[in-house]
Amino acid sequence: MKQTESQAHSTSFLSTKRTDLWWLEPLGSGLGFLCFVIYTTWAMFQAGHYYAYPYLSPLYSPTLMIDPTAPGSAPLAHAWFGAWPGWWPKFLPPSPAMLVLLGPLSFRLTCYYYRKFYYRSYFLTPPACAVTAFPQKDYKGETHLLLFQNIHRYCLYIALGYILILTVDVYKACFKDGLFGIGVGTVILYINVLLLSKYTFGCHAFRHLMGGRMDCFSCANGKEHKNYGVWKQITKLNENHMFWAWVSMIWVGFSDFYVRMVSMGVWHDINTWGH
């Protein structure tokens with residue numbers, strides 16, 4: 001049977017009758033995340049200038065092991081497991097970030113919002129609503145190839161632990177030479193924890209967990225559930241999950257950049273300690 005012009009149009013690659021600039025969102029999202037990946041990868045391989053007393057970069061926290069000879073490294077006393085081991089491969093820098101980034105990144109990469117944007121931006125499945133994706137034969141999505149995405153609910157606990165660790169870092173950033181105080185770095189690290197908390201606590205998995213693992217609160221007796229009030233408050237964060245995902249990601253990178261600049265002596269930290 002001969003296809004009509006409309007049918008032929010709807011099945012061709014990247015076909016669409018949309019008149020708006022539909023490609024801006026997936027393009028901007030893809031480029032923005034790519035910039036973050038490039039920066040964090042670069043920062044991770046620097047293996048130095050991640051500490052400016054009393055500030056520790058969130059990309060390097062917690063400092064499981066430390067090479068005290070690296071410029072701008074944290075004191076050895078900050079290491080959970082002591083000095084950097086001699087068996088570490090020579091072609092890899094002794095960077096604490098390599099040991100900790102996998103945890104929070106696994107939470108983000110399996111996040112429902114991040115799945116949406118990188119499926120569209122990088123895999124074109126689909127590029128946007130009402131736009132044809134790559135011709136895919138027997139596509140099974142997350143039921144087979146991407147089944148690992150289901151670890152998101154377990155990565156949530158890693159993210160919660162990470163927030164606790166960063167909160168301790170903020171507390172430590174309030175003391176210098178035994179004196180309580182506050183600096184620009186303290187405020188930046190505090191905002192970082194605040195934004196990460198809003199992103200994490202607004203997560204779909206956390207919302208489901210705090211909701212008593214009910215699938216439908218709008219169903220009969222749902223509002224009588226003991227956790228309904230908590231679930232409703234988390235829903236407010238969840239409604240802006242995309243916003244918190246982006247601002248928290250950008251602020252993590254900025255926090256590392258600020259600590260790095262102070263550690264290198266490029267920027268001077270304004271604080272109540274006077275030095």
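Just so it is clear, the structure is predicted and the values come from calculations on it, not from any experiment.

Colleague: Describe the nonpolar core, with residues and values.
Modeller: Within the largest apolar cluster, 29 residues are counted, with the highest numbers of intra-cluster contacts made by Tyr50, Tyr55, Leu59 and Tyr60. Breaking this core down by element, the ones donating at least two residues are α2 (24-46), β1 (51-52), β2 (55-56), α6 (152-172), α7 (184-201) and α10 (241-263). Setting aside chain neighbours within four positions, we find Tyr60 in contact with Ala43, Met44, Gln46, Ala47, Gly48, Tyr50, Ser95, Pro96, Ala97, Val100, Asp256 and Arg260. Grouped together as the second largest cluster of nonpolar side chains are 23 residues, Cys111, Cys155, Ala205 and Phe206 included.

Colleague: Tell me about a nonpolar patch on the surface, and name the residues and values.
Modeller: Together, Leu21, Trp23, Leu24, Leu27, Leu31, Leu34, Ile38, Tyr122 and Phe123 make up a nonpolar patch on the protein surface, roughly 880 Å² of accessible area in all. No other element matches α2, which puts 5 residues into the nonpolar patch. For Ile38, a relative accessible area of 52% gives the class exposed.

Colleague: Go over the packing of helix α4 (residues 102-109) against α6, please, and point to the residues and values.
Modeller: A pair of packed helices is characterised by two quantities: the angle between their axes and the separation of those axes. Taken N-terminus to C-terminus, the directions of α4 and α6 make an angle of 135°; their axes are 8 Å apart at the nearest point. With respect to α6, the axis of α4 lies oblique. Here α4 runs over α6; the crossing is left-handed. Two secondary-structure elements touch here, α4 through Gly103, Pro104, Ser106 and Phe107 and α6 through His152, Cys155, Leu156, Ile158, Ala159 and Tyr162. Class assignment for the residues of the contact of α4 with α6 results in 7 nonpolar, 3 polar and no charged.

Colleague: Now, about the pattern of salt bridges: what can you tell me, with residues and values included?
Modeller: What the rule picks out here adds up to 1 salt bridge. Asp256 is the salt-bridge partner of Arg260, the closest N and O atoms lying 3.4 Å from each other. Taken together, the residues Arg260 and Asp256, both in helix α10 and 4 residues apart, mark about one turn of the helix. The buried category is assigned to Arg260, whose relative accessible area is 2%.

Colleague: Run through the packing of α2 against α10, naming residues and quoting values.
Modeller: In the contact formed by α2 and α10, the axes pass within 11 Å of each other and the chain directions differ by 30°. Viewed along their axes, α2 and α10 adopt a mutual orientation that is roughly parallel. You can see that α2 and α10 cross each other, and the crossing is left-handed. The residues of α10 that touch α2, namely those facing Ser29, Gly32, Phe33, Phe36, Tyr39, Trp42, Ala43 and Gln46, are Trp246, Met249, Gly253, Asp256, Phe257 and Arg260. Of the residues contributing to the contact of α2 with α10, the split by class is 8 nonpolar, 4 polar and 2 charged.

Criteria and cut-off values
Residues numbered from 1 in each chain as written. Predicted model: local features only at pLDDT ≥ 70, side-chain atom pairs only at ≥ 80, totals over all residues. Heavy atoms only, no water. Core = buried A, V, L, I, M, F, W, Y, C linked by side-chain atoms within 4.5 Å. Buried < 20%, exposed > 50% of the residue type's maximum accessible area, 1.4 Å probe, protein only. Helix = DSSP H or I, 4+ residues; strand = E, 2+ residues; numbered from the N terminus. Contact = heavy atoms within 4.5 Å. Patch = residues over 30% accessible without salt bridge, like charges linked within 9 Å, V, L, I, M, F, W, Y side chains within 5 Å. Areas by Shrake-Rupley, 256 points an atom, 1.4 Å probe, with all protein chains shown as cover. Salt bridge = Lys/Arg side-chain N within 4 Å of Asp/Glu carboxyl O. Axes fitted to C-alpha atoms, helices over the stretch in contact; angles between N-to-C directions. Parallel < 35°, antiparallel > 145°, perpendicular 65-115°, else oblique. Left-handed = near helix turned anticlockwise from the far one by under 90°. Nonpolar A, V, L, I, M, F, W, Y, C, P; charged D, E, K, R; others polar.

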